[in-house]
Amino acid sequence: MKKIWIILTTLAVSFIAMASVTTVSAAKPNYIITTDATYPPFDFQDSNNQYTGIDQEILKTIAKREGFTYTLKPMSFNAATQSVTSGQADGIIAGMSITDERKEVFDFGTPYYKSGIAWAVKKGSNIKSLSDLKGKTVALKTGTAGADYALSIQKQYGFKVTYFNDSDTLYNDVVNDNAQATFGDLPVLQYSIKNGTKLKVMNANSPYESGWYGFAVKKGQNKQLLASFNKGYASIKKDGTYDKIIKKYLGAPASDFTGKKSDNNSVLGILKANNGAFMRGLWQTLLLTILGIILASIWGVILGVMGVSQNSALRGLSTTLIYIFRGLPLMVLAFFIYIGLPGVIGTKIPAFTAGLITLILNEGAYTGAFVRGGFEAVDKGQMEAARSLGFTYNRSMRKVIMPQGLKIMVPSFINQFIITLKDTSILSAIGILELTQTGTLIVSRNSQGFRVWAIVAVIYLVVITLLTWLSNWVEKRTRA
Ligand code: ASN
């Protein structure tokens, strides 16, 4: 048993060392810029899984000219704006409309692209006007200007709404007849339609709330970054680079950037084209899982031991911590740590670290609960026997109760390990590019939802199988 703990602790230390390499590089003194993970033609991935699009090319060119560097953090638009307001990111470029409401919390750079809100239905739909939406479902993207507009007219037209985090899923919801219409940015809808999405824009000539996109920083902060952006923007506008960028993306089909659809349509083709991305996603998933398992187990055992302590304050503390962190949904906890805490403590928390802390607190609480239960399940007579032999309480715990209790808990540990692996997928919400987020990005590029998600599912199953084998092997060793 002791040996296993030594192995686990050594593993934890070495993985933390490895993870800190990741965090150190993310914490370089450059700007952290966040973006919408999937917003073609402004922000999307090309066939080499590199970020590209009008926004990205503008940003890259300006950074080069103005001599600043940045780390890009793609995530859902909603999480991206919150990352900036909480101080986790320095700036955002994400086809973000400049609105009066947003001006209260953001400072915008020079407006760089004219846009407006359009509504669209499935091609061939018999919906002709907004009045036909009565009782129908409208798919919206969380936290966007398009969603705000739709909500402002919802009562008048009597439709229901449903929310998604990325545009691609949203459009597919309409194409698949789950929703009957959507509201979003005209240029993005038109680009998607031009590239094969079976939707029809209803107000192409008269978009609502027409306005501009802007690069943004948190109000009153990162003045230098904003000034550099504006200066660089003026220069790319003046020498024609801006026009070239716009022409490059609007003048060519998406497949010029994302790869020809026919190249990718077999499972092998998808695997080959995205081999590197899948491997990087898998590595993040594994790193989070292994560190999460080890650290949550250690924390869980501590909570469990506290839970059977003779000291009532310690018992109370253990019960409270288990109550809180087992009770909070993992995603809420992740957002609380990643988006909520930095604003209060005043420092950035890298997404990976926030994700890992989330796992430790949540999985650790579950572990604490079954560890406490395991110790309590050891026959009371065992403690009495040890004490009557003259052992102190602590010694009886360590020598008699714990070894028996831990054995009872082994199946629960294995179960918890598997849950931890699966829970890492929820952390994609805070922008960690693990396996699930990798899948989302690939699907948004090649529209091969069935095959990509099947590949991702198989990868998870393979890892879960390996993890179960490893756990069973450890279980056998502990029995010996
Ligand atoms: N255009 C959206 C907005 O400004 C942003 C987006 O979906 N990327 O709300």
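Note that the coordinates shown come from a computational prediction; the quantities given were computed from them, not determined experimentally.

Calculation rules
- Sequence order sets the numbering: in each chain, residues are counted from 1 along the sequence as written.
- Predicted model: local features are reported for residues with pLDDT of at least 70 only, side-chain atom pairs are reported and counted for 80 or more only, and whole-chain, interface and lining totals are derived from all residues.
- Computation of side-chain values covers all heavy atoms of the structure but excludes hydrogens and water.
- Only strands joined by at least two bridges in the DSSP assignment are considered to pair.
- We count a stretch as a helix when DSSP gives it H or I for four or more residues in a row; a strand needs E for two or more, and each element gets its number in order from the N terminus.
- Fitted lines through C-alpha atoms give the axes, limited to the stretch in contact for helices. The angle between two N-to-C directions lies from 0 to 180 degrees.
- Just so you know how the angles are binned, under 35 degrees is roughly parallel, over 145 roughly antiparallel, 65 to 115 roughly perpendicular, and the rest oblique.
- Crossings are sorted by hand: turned counterclockwise from the far helix by less than a right angle, the near helix makes the crossing left-handed, and turned clockwise it makes it right-handed.
- Residues were grouped as follows: Ala, Val, Leu, Ile, Met, Phe, Trp, Tyr, Cys and Pro as nonpolar; Asp, Glu, Lys and Arg as charged; and all remaining residues, including Gly, as polar.
- Centre distance within 6.5 Å is the pairing criterion for rings of Phe, Tyr and Trp, where only the six-membered ring of Trp is used; planes under 30 degrees apart are then read as stacked, over 60 as edge-to-face, and the remainder as tilted.
- Think of it in three bands: residues with accessible area under 20% of the maximum for their type are buried, residues over 50% are exposed, and the middle band is partly exposed, with areas taken using a 1.4 Å probe on protein chains only.
- Ring-over charges, as used throughout, are those where CZ of Arg or NZ of Lys falls within 6 Å of the ring centre and within 35 degrees of the ring normal.
- Side-chain atoms within 4.5 Å are what join buried Ala, Val, Leu, Ile, Met, Phe, Trp, Tyr and Cys residues into a set we call a nonpolar core.
- The domain boundaries here were taken from an automatic or database domain assignment.
- By the convention used here, residues are in contact when the closest approach between their heavy atoms is within 4.5 Å.
- Note: buried area is the sum, over both parts, of the accessible area (probe 1.4 Å) each one loses when the two are combined.
- Whenever Lys or Arg places a side-chain nitrogen within 4 Å of a carboxyl oxygen from Asp or Glu, that contact is recorded as a salt bridge.
- Here a polar contact is recorded for every N or O atom pair within 3.5 Å, except that within protein the pair must consist of a potential hydrogen donor and a potential acceptor, and residues adjacent in sequence are included only if both atoms are side-chain atoms.

Caption draft 1: The arrangement of the sheet that holds strand 13 (residues 216-218) in detail. Here five strands make up an open sheet; going across it, the order is 4-1-5-13-6 and the pairing mixed. Because the sheet does not close on itself, it has two edges, and the strands there are strand 4 (70-75) and strand 6 (106-108). Bridge count for strand 1 (residues 31-36) against strand 5 (residues 91-92) is two bridges, and the pairing is parallel. Its bridge partner lying in strand 5, Thr 34 is registered against Ile 92.

Caption draft 2: Broad picture of the packing of helix 12 (residues 275-307) against helix 15 (residues 351-377). Viewed as axis vectors pointing N to C, helix 12 and helix 15 meet at an angle of 40°, and their least axial separation amounts to 6 Å. Viewed along their axes, helix 12 and helix 15 adopt a mutual orientation that is oblique. Like other packed secondary-structure pairs, helix 12 and helix 15 cross with a definite hand, here right-handed. Taken together, the residues that form the contact of helix 12 with helix 15 break down as 17 nonpolar, ten polar and two charged.

Caption draft 3: Broad picture of the packing of aromatic side chains. For the structure shown, the criterion picks out 19 aromatic pairs. When the ring of Phe 44 is compared with that of Tyr 249, the centres are 6.3 Å apart and the planes differ by 90°; the resulting orientation is edge-to-face. Taken together, the residues Phe 44 in strand 2 (residues 44-45) and Tyr 249 in helix 9 (residues 241-250) connect sequence positions 205 residues apart. Relative to Phe 413, the ring of Phe 370 lies with its centre 5.0 Å away and its plane at 90°, an arrangement referred to as edge-to-face. Of this pair, Phe 370 sits in helix 15 while Phe 413 is found in helix 17 (residues 393-423), placing the two residues 43 residues apart along the sequence. Accessibility classification places Phe 370 together with Phe 413 in one group, the buried group. Through pairs of rings, three or more aromatic residues link up here, namely Trp 119, Tyr 149, Phe 159, Phe 183 and Tyr 208. Seen from the ring of Phe 391, Arg 395 lies directly overhead, with NZ or CZ sitting 4.6 Å from the centre.

Caption draft 4: Quick look at the nonpolar core. Counting 44 residues, the largest nonpolar core has Ile 58 and Phe 215 as its most contacted members. Going through the elements one at a time, strand 1, helix 2 (54-66), strand 7 (113-122), helix 6 (167-175), helix 7 (186-194), strand 11 (199-201), helix 8 (223-238) and helix 9 are the ones with two or more residues in this core. Summarising the domain contributions, this core has at least three residues from each of domain 1 (31-111 + 214-258) and domain 2 (113-211). In contact with Phe 215, other than residues within four places in its own chain, are Ile 33, Leu 59, Gly 91, Ile 92, Ile 93, Asp 107, Phe 108, Gly 109, Tyr 112, Leu 225, Leu 226 and Phe 229. One finds Phe 278, Val 410, Phe 413 and Ile 464 within the second-largest nonpolar core, a separate group that totals 37 residues.

Caption draft 5: A look at the domain arrangement of the chain. Assigned domains within the chain: domain 1 (31-111 + 214-258), domain 2 (113-211) and domain 3 (267-479). Taking only C-alpha atoms into account, the centre of domain 1 sits 36 Å from that of domain 3. Interface of domain 1 and domain 3: buried area, both sides summed, is about 1500 Å²; carbon and sulfur atoms make up 52% of it. Three residues stand out in domain 1 for area buried against domain 3, namely Asn 49, Ser 86 and Gln 88, and they jointly supply 36% of the buried area on that side. At the boundary of domain 1 and domain 3, one finds one salt bridge. Salt-bridge contacts for Asp 90 lead to Lys 348; the nearest nitrogen and oxygen are separated by 3.2 Å. Applying the counting rule to domain 1 against domain 3 returns three residue pairs in polar contact (both at pLDDT 80 or more). Elements with a contribution of two residues or more to the side of domain 1 that touches domain 3: strand 4 and helix 3 (77-85). Broken down by element, the side of domain 1 that touches domain 3 gets its largest block of residues, three residues, from helix 3.

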